[in-house]
Amino acid sequence: MPRPGQVKSSGGRLSDRIALGVLTRVFPPELVDEVVAECGRVEQRSRLLPARVVVYFVLAMCLFSGQGYEEVARLLTQGLEGLRRWDKPWRVPTTAAIGRARRRLGPEPLRMLFGRVCRPVATPETAGAWYRRWRLVAVDGTVFNVPDSEANSTFFGRPGSGRGQQRSAYPQVRVAALVECGTHAVFAAASGPLSVHEQRLIPALLGRAGPGMLLMADRGITGFELWQAASATGADLLWRVRKNIVLPVLHPFDDGSYLSEITAAGDRDRRDPAQVRVIEYRLDGRDEGTVYRLITTVCDPGQAPAAELAALYHQRWEIENTLDEIKTHQGGRQLVLRSQHPDGVEQEIYGFLLVHHALRDVMHQAACEAGLDPDRISFTRTLNAARRHVTGQAALSPLTTHASPDTHRR
């Protein structure tokens, strides 16, 4: 039996699996070529940096956050030189050439690649990913610092400063995401200027929600229109609400919860209410006196008792851990994205999300083979292993748009 945190795998160590090529395995060249073509980014002439290579460069850039452009290019290709994957010489492009190639590519191929590949990854056997018949998912938002360029400052805006200054050091982009709690897989995302609240970004994510999911959200997300839109997807909801929301007791249940209703802000006569079930509780030894109020679409206590939902709600914090993995571990402490223009910022955000999804997909497969909860596998160790083996995972030549015979497929 493996010790806690140790992965038993019939295919070898987790690092051996990553050495096969986590990026080209999850995002095979054929799929990248298809996405590039659909976005109209196929080159009309031969370039040192064809679009497919630029897609993989952006992914490598988000794997090796903090490294310069030219160093990322070396890391991505030096393994191929040693393995003699091509005969013609290939020089490392300059930083300026890479920047121009990123601008030509734009964010659309990365966004489309995310839409094609990034899905919930848990199977019915995945430990910690389910509550009864529901797949546990959560929605939340965060912000990323971006470079202090005129284009970024104008488009994204800045937060206020608490140090007596008129503005903060960096503009910020706001990002909202849907995450599978049990695997930390991000499967929907949207971004916008700092002035756009998460509530306005989340509707763009709801096309990925659906029946069989239990969607959790914190009190900063809730709103009647958003609740109605989310429940219309067929997913069940479990959201925390603010204490000033009026929740009349329409029918008490034996488990301590009660049937109630919520209405739109302007509906004072409660003419068009939505029925909800309310669960109120306190946590022992933490935030003493704080009453947590949850509302849910699961109105039958027999399907989900109040005590179980109260305990379950704190799985919502898995989305906080997921965002921390991306921003702090993958991006590095005090992360500032490197793109000087809004399109590059969006491209870079999807690059970070795609790399994170690839790592989490590998971790999920390894956990399933070992019979472990995916939470038992270290994200940091997986990230470091991927970085160590990246020179062996770029299974394509930058001089051709044709996949090499030994390209690893998903």
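Definitions and cut-offs
Residues numbered from 1 in each chain as written. Predicted model: local features only at pLDDT ≥ 70, side-chain atom pairs only at ≥ 80, totals over all residues. Heavy atoms only, no water. Phe/Tyr/Trp six-rings, centres within 6.5 Å; stacked < 30°, edge-to-face > 60°. Helix = DSSP H or I, 4+ residues; strand = E, 2+ residues; numbered from the N terminus. Lys NZ or Arg CZ within 6 Å of the ring centre and 35° of its normal. Buried < 20%, exposed > 50% of the residue type's maximum accessible area, 1.4 Å probe, protein only. Pairing = 2+ DSSP bridges. Arc of directions from axis to C-beta. Polar contact = N/O pair within 3.5 Å; in protein donor to acceptor, adjacent residues only side chain to side chain. Axes fitted to C-alpha atoms, helices over the stretch in contact; angles between N-to-C directions. Parallel < 35°, antiparallel > 145°, perpendicular 65-115°, else oblique. Contact = heavy atoms within 4.5 Å.

Chemist: Explain the packing of aromatic side chains here, please?
Modeler: Counted under the stated rule, the structure contains six aromatic pairs. Residues F57 and Y69 carry aromatic rings whose centres are separated by 5.6 Å and whose planes lie at 80° to one another, so their mutual orientation is edge-to-face. Taken together, the residues span a long stretch of sequence, with F57 in helix α4 (residues 51–63) and Y69 in helix α5 (residues 69–82) at a distance of twelve residues. The residue whose ring lies beneath R316 is W317, and the NZ or CZ to ring-centre distance is 4.9 Å.

Chemist: So what exactly am I meant to see when it comes to the pairing of strand β3 (residues 172–180) here?
Modeler: Moving residue by residue along a regular strand, the side chains alternate between the two faces of the sheet. The buried fraction of β3 amounts to nine of the nine residues, a majority that puts the element mostly inside the structure. In terms of strand pairing, β3 meets strand β4 (residues 185–193) through eight bridges, oriented antiparallel. Opposite L178, over in β4, you have A188 as the bridge partner. As consecutive antiparallel partners, β3 and β4 are separated by four residues, and within that stretch H184 has a phi angle of approximately 65°, a positive value.

Chemist: Is there a simple way to explain helix α14 (residues 379–388) in this structure?
Modeler: Of all the positions in α14, only F379, T382, L383, A385 and A386 are classed as buried. Taken end-on, α14 shows its buried residues confined to a sector of 165°, consistent with a single buried face. Turned more than 90 degrees away from the buried face of α14, the exposed residues are R381 and R388. With a side-chain oxygen lying 3.4 Å from the backbone nitrogen of T380, the N-terminal cap of α14 falls on S378.

Chemist: Is there a simple way to think about the packing of α4 against helix α6 (residues 95–105) in this case?
Modeler: Between α4 and α6, the least distance of the axes is 10 Å, while the angle of their chain directions is 105°. By the angle between their axes, α4 is roughly perpendicular relative to α6. Counted together, A51, V54, V55, F57, V58 and M61 of α4 and I98, A101, R102 and L105 of α6 form the full contact between these two elements.

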